[in-house]
Amino acid sequence: MQSVCRVAVSAANYAFDRLYDYDIPEELRGKVQPGVRVIVPFGKGSRTCEAIVVRMGCDPKAEYARKSICRVLDAEPVMDAHLLRLAAHLCSTLFCTFYDCARAMLPAGLWFRRVERYTLAEEIPEAQRAQLAQEYPALSVFTRRKRTATAKEIAKKCSELPAEQLDALCTRGVLTFSSEFDRRVSDKTVTMYGLAMPDDEAMRLAERGRSPVRMEVVSALMHEGALSRHDLQYLSGASNEVLRAMVKKGMLCQWEEEAFRLPEQEELPPRQDFVLSPQQQAAYDGMEPLLLSGHPEAALLFGVTGSGKTQVYLRLIERTLREGRSAIVLVPEIGLTPQLIRKFMAQFGEITAVLHSALSVGERYDSWKRIRSGAARVIVGTRSAVFAPARNLGLLILDEEQDDAYKSENNPRYHARDVAKYRAMQENALVVFGSATPSIETFYGAEIGKYPMFLLRERYAGTQLPEVTIADMRGLIRQGYTGAVGPVLRQAIDTCLAQGHQCILFLNRRGAARQVVCTACGWTPQCPSCSVSMTYHSVNHRLVCHYCGHTEPLPRVCPSCGCTHLKTDGIGTQRLEQELHELFPETSVLRMDADTTATKGAHAKLLAQVADGKADILLGTQMVTKGLDFDNVTLVGIIDADQALFAQDYRARERTFSLLTQVVGRAGRRGIQGHAVIQTYSPENPVILNAARQDYERFYEEEIEMRRALQCPPAAQIVVLTASAERERDVLEALVAVKARLESLMAGQFADFCYPVLGPAPAAVVRVQNRYRYHLSIRCPEGRRRRELIGGVLREFAANSKFRPVTLYADINPMQV
Ligand SMILES: Nc1ncnc2c1ncn2[C@@H]1O[C@H](COP(=O)(O)OP(=O)(O)OP(=O)(O)O)[C@@H](O)[C@H]1O
Ligand SMILES: [Zn+2]
């Protein structure tokens, strides 16, 4: 039996991340195998930390004295050989640690957390503690009643962990130290608040204290009865301290509530037998041999909106199951596609597992275990479900494969599309990219013959694509139109409603109004910690920063000039809702945005109301653009198509085209001819024109030219190195040093891999949460040399104490440059 193994250690930072060899003590020999997690001593002080066994055996060249594994955490592996290899591949291509990948791949419920506790010795009386606290300020954390504190609490109170003091106190016997591993149980409950006294009494108390924030808290709770901490803070702007003080004063009571109930056992629609249309059948027939080939395969299913891509997926999955293999279906956002999920659940029943972030940690952990055991073989989920431990994986499907949600913006910064391709390659599976508007990268791949493309050119059952009208909004203000709904759209809504049909209106913003401007001096409110202006929300009359969540009340007068005419500029969903009520007083309007769907299940409820015909107009943000499939919706209105078009990055056109095509595609999906109105201030813009024609191929031709000219993906790959720190100067100095280092390496050792380094340039929003962000960018191809060069420079950086205040990371082809 093997007596040594190689592990990846959780405590290793990027500079020291590699496999380390450990001895396996006699009594643990049967239990240690690749993929199980263990506890090992690590680093100078040999503090214990978690690690994962990557392989058995050792590196014969290793020159350090091996330490021994302390404990084994798992009875069976949490990662199989495929997933271990995937993690190793990701950490080398994405420039992160092995553990960063492992954390992304495994469910949160699996993580153990080490809790270090210090306890005041029994025999130390209070007087002595107080006296010692003068010499050892760390002791002030303890009191007569509080005799135990975690290292985290102490670090928080003392602004950093006073390790020397604590060690000395332990040596003197004043404190005792203990360390144990707890199974993490976060996320399961939310803190709820209610008034602990009669309404009027609470209000009187708050008024007496002359505290506007407390009055806001009381009035919010008077309206709502009880609120979660998140909602209460959103409505009142109260900080944690305020709430705590109010609880202490007896004004509020606080309790914990289950954050999410078990997934609702709603009744599923009965399983439907369906026959594929000839074009669906042709697409299926093309892909079936790929599925059965036993080799890695990839295919693009390019089908117009409403062409019935879902039915093709269902058939492919059935076939996969018959082969005894499993399938993973990825969707951009579960919340947005409840209809799609129901179809899968109805078709495959209890062998379906759903994985997404709105499930509680426990629920996700349970799903994960069902998948690992092989009980669940159809996995539907969002981005991270691409890591599901599916048994004998045969098929991976990415629906709406162009969606930005498939790219992770946090470490590890992976793209689900690349991970899916890698898994397909390792496990001899088929990966299908489905979309009505494929990403330029994927379509390019099909064009150059990397993978076959299957077309669904027509909607199911011969339904026509909607007719699209472009409504030119220029000059309307001069004619006296001030609202968001122009005359063309208004006329179309009138007609649609008169015929008893429903319509969907799309507005790419949330909040009642976008921006506040002082009409006298031009002042706009800025977030105190980010370099962006704040947005006004009319439900709570507050300004909100959409980057960090900071909120404050809308001032009555302009803080800069004192004038009282603050204009709330622009249109948001709430303002539009009001306008619709005024224009169409008899009509029922439903609004769907981040605010009306904040509570669990709200989204599905709103959609059910539309399906039941209880709403005539559904108005909303992004959320109404995807996946919706309603019989009676014949009109789609796009309030402001230009919104995303002029963003400063190379994907803005693609995003706009895809968004417009998707929204337009919600109209007229059942026999009745649909209609769409696109309101725009740039009616001649080619992106808008192509979207109106729903001509993806023409859009693609123009866009790929542009990408070639700009040297952007897929014509070139972009590596972006982003640095951030509290002081702007630190960031710039660090990047200048990194740039110089890259350039000198490319002049010497990497002369074969020499590309221009651009920057430092400010990020789109320079300051977020008080940190400045700048980046360097390099257009260079993927490969071993790139991994060596970038990885090496990042490693040097992480090891250099001079740059400690600066964080630096690499992102490959980020969604926004
Ligand atoms: N073979 C079939 N038999 C019966 N109904 C079908 C069939 N194919 C498609 N449909 C119906 O046609 C409608 C559109 O199909 P689906 O939602 O799968 O389209 P889609 O290609 O995913 O569209 P989008 O990209 O717009 O979401 C659905 O209501 C679906 O039930
Ligand atoms: Zn902010």
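Conventions we followed
- Residues numbered from 1 in each chain as written.
- Chains lettered and ligands numbered in written order.
- Predicted model: local features only at pLDDT ≥ 70, side-chain atom pairs only at ≥ 80, totals over all residues.
- Heavy atoms only, no water.
- UniProt positions renumbered as here; feature names shortened; annotations may be inferred.
- Domains from an automatic or database assignment.
- Pairing = 2+ DSSP bridges.
- Helix = DSSP H or I, 4+ residues; strand = E, 2+ residues; numbered from the N terminus.
- Axes fitted to C-alpha atoms, helices over the stretch in contact; angles between N-to-C directions.
- Phe/Tyr/Trp six-rings, centres within 6.5 Å; stacked < 30°, edge-to-face > 60°.
- Lys NZ or Arg CZ within 6 Å of the ring centre and 35° of its normal.
- pLDDT = per-residue confidence, 0-100.
- Contact = heavy atoms within 4.5 Å.

In the nomenclature of an unreviewed UniProt entry, the chain corresponds to Replication restart protein PriA from the organism Butyricicoccus porcorum. Its UniProt record gives the chain a comment under Sequence similarities (unreviewed entry), which states: "Belongs to the helicase family. PriA subfamily."

### A few points about the domain arrangement of the chain
Per the domain assignment, the segments making up the chain are domain 1 (4–111), domain 2 (113–183), domain 3 (189–258), domain 4 (278–457), domain 5 (467–514 + 570–708) and domain 6 (718–812). Each of domain 1 and domain 5 has a C-alpha centre, and the two are 50 Å apart.

### Overview of the sheet that holds strand E24 (residues 542–544)
Taking strand neighbours across the sheet as the criterion, the 3 strands line up as E23-E24-E25 in an open arrangement whose pairing is antiparallel. On the outer flanks of this sheet lie strand E23 (535–537) and strand E25 (551–553), each paired with one strand and no other. On average, adjacent strands in this sheet sit at an angle of 35° to one another, irrespective of strand direction. Pairing geometry for E24 and E25, over 3 bridges, is antiparallel. Among the inter-strand pairings, Val-544 is bridged to a residue of E25, identified as Thr-551.

### Focus: the packing of aromatic side chains
Inspection of the entire model under this criterion finds 13 aromatic pairs. A ring pair is formed by Tyr-20 and Phe-42, whose centres lie 5.2 Å apart and whose planes are at 75°; its orientation type is edge-to-face. With a gap of 22 residues between them, Tyr-20 in strand E2 (residues 20–23) and Phe-42 in strand E3 (residues 37–42) connect regions that are remote in the sequence. In this structure an aromatic cluster arises from ring pairing among Phe-302, Phe-443, Phe-657, Tyr-696, Phe-699 and Tyr-700. Lying across the ring of Phe-274, Arg-315 places its NZ or CZ 4.3 Å from the centre. Positioned above the aromatic ring of Tyr-809, the side-chain terminus of Arg-413 is 3.4 Å from the ring centre.

### Describing the confidence of the model for the chain
The share of residues in the chain with pLDDT of 70 or more is 92%, and the mean pLDDT across the chain is 86. Averaged over each element, pLDDT in the chain is lowest for strand E9 (residues 175–183) (66) and highest for strand E18 (residues 430–435) (98). Taken as a whole, residues 183–188 scores under 50 in pLDDT and shows 16 contacts with residues more than four places along the chain or in a different chain. Contacts of residues 258–265 to residues separated by more than four positions or lying in other chains number 18 contacts, the stretch itself having pLDDT below 50.

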